[in-house]
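# Topology and contacts: notes
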Amino acid sequence: MPDKLLIPREKYLASGIHIGMKQRTKQMKDFIYKIRPDGLAVLNLKQIDERIRFAGQFLARLNKILVVGRKSVSHDAIEKFGEATSSEVVVGRFLPGTLTNPKLKRYFEAEAIIIIDPLTDYQALKEAVKARVPIVGIADTFNETRDLDLIIPANNKSKKSLGVLFWLLAREILKNRKRIKSDSDFEYKIEDFAGEKF
């Protein structure tokens, strides 16, 4: 595993990507670095970084990626991700049948799906399981991870955190697809994804 993180540790910490919640599920236990005195769980930064790298390698091989985010804090990040990687995006409500009903106008034959939160994006999760589409899920400390094929442990309730995550994921995908040679060739800034100055 690479020793160097995808971005400096301070930038990760400033985004709050590692801040979990007081609620913790058994499935997320292995991703927790420590519990703060106030009871908040802190996710392992190295594991977050490794999972983003791995997801970037996996998703780079696919052409039909669907990103689903019901939470409004995710909308800027996933729309920009869709633009950068030519992925299909569903912001807000996921229409039942999107993955399972070919007669539907909005039907999409995905090769993989990324969901922001297994709890709020449950309809998409359920359909992806039914359609046998691999699921990449961003899971916070309170999430159940049962049907996720690839878990990216991260704070999934913050605009900044999701902005950084999707900026890095898009950059990794484009590097693995050989569309860009290095990090500096990536034309987008973190602010484009996070919707605010970083």
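These numbers were taken from a predicted model, which means no experiment stands behind them.

### Notes on the overall build of the chain
Looking only at helices and strands, the chain features six helices and seven strands. Mapped in sequence order, the helices and strands of the chain form the string α-β-β-α-β-α-β-β-α-β-β-α-α. For the chain, whose C-alpha radius of gyration is 16 Å, the value lies close to the compact-globule estimate of 16 Å for 198 residues. Overall size of the chain, expressed as C-alpha extent along the three principal axes, is 50 × 40 × 30 Å. The buried share of the chain, reckoned over its 198 residues, is 52%. Carbon and sulfur atoms provide 48% of the accessible area of the chain, an area that totals close to 10,000 Å². Of the charged side chains in the chain, 36 are positive and 26 negative; the average position of the first set lies 2 Å away from that of the second.

### Topic: the pairing of strand S1 (residues 32-35)
Strand direction decides the pairing type here: S1 and strand S2 (residues 41-43), joined by three bridges, are antiparallel. The residue bridging isoleucine 35 from the neighbouring strand is alanine 41, located in S2.

### Concerning the nonpolar core
Residues Tyr12, Leu59, Ile113 and Phe166 are the most contacted members of the largest nonpolar core, which totals 65 residues. Among the elements that make up this core, the one with the highest residue count is helix H5 (residues 159-176) (10 residues). Phenylalanine 166 has contacts with Val67, Ala77, Ile78, Phe81, Ile114, Ile116, Ile138 and Phe193, leaving out every residue within four places of it along the chain.

### Some thoughts on the layout of surface pockets
In this model, the largest pocket occupies a volume close to 200 Å³. Looking at the lining of the largest pocket residue by residue, the classes come out as six nonpolar, two polar and three charged.

### Structural notes on the environment of arginine 171
As for its position among the elements, arginine 171 is in helix H5. Considering only alpha carbons, one finds arginine 171 and arginine 53, 118 residues apart in sequence, at a separation of 9.8 Å. Once residues lying within four places of it in the same chain are set aside, the contact partners of arginine 171 are Leu6, Ile7, Ile180, Asp183 and Phe186. Reaching out from arginine 171, the side chain makes a polar contact with the side chain of aspartate 183 at a distance of 3.3 Å.

### Comments concerning the pairing of strand S5 (residues 112-115)
Alternating positions in S5 separate into two faces, Ala112 and Ile114 on one and Ile113 and Ile115 on the other, with burial throughout. Note that strand S3 (residues 65-69) and S5 share four bridges and pair parallel. Across the sheet, residue isoleucine 65 finds its bridge partner in S5, namely alanine 112. Bridge analysis of S5 against strand S6 (residues 135-139) gives three bridges, and the strand direction is parallel. By the bridge assignment for S6, isoleucine 113 is matched with isoleucine 135. In this fold, the crossover linking S5 to S6 by way of helix H4 (residues 122-130) has right-handed handedness.

Rules and cut-offs
- Residues numbered from 1 in each chain as written.
- Predicted model: local features only at pLDDT ≥ 70, side-chain atom pairs only at ≥ 80, totals over all residues.
- Heavy atoms only, no water.
- Helix = DSSP H or I, 4+ residues; strand = E, 2+ residues; numbered from the N terminus.
- Rg over C-alpha atoms; globule rule 2.2 N^0.38 Å.
- Buried < 20%, exposed > 50% of the residue type's maximum accessible area, 1.4 Å probe, protein only.
- Areas by Shrake-Rupley, 256 points an atom, 1.4 Å probe, with all protein chains shown as cover.
- Lys, Arg positive; Asp, Glu negative; His and termini not counted.
- Charge placed at Lys NZ, Arg CZ, Asp CG, Glu CD.
- Pairing = 2+ DSSP bridges.
- Core = buried A, V, L, I, M, F, W, Y, C linked by side-chain atoms within 4.5 Å.
- Contact = heavy atoms within 4.5 Å.
- 1 Å grid on protein atoms, 1.4 Å probe; cavity = no way out; pocket = protein on both sides within 12 Å on 5 of 7 lines; lining within 4 Å.
- Points joined across faces, edges and corners; volume = space filled by probe spheres on them.
- Nonpolar A, V, L, I, M, F, W, Y, C, P; charged D, E, K, R; others polar.
- Polar contact = N/O pair within 3.5 Å; in protein donor to acceptor, adjacent residues only side chain to side chain.
- Right-handed = clockwise from strand over helix to strand, strands pointing away.

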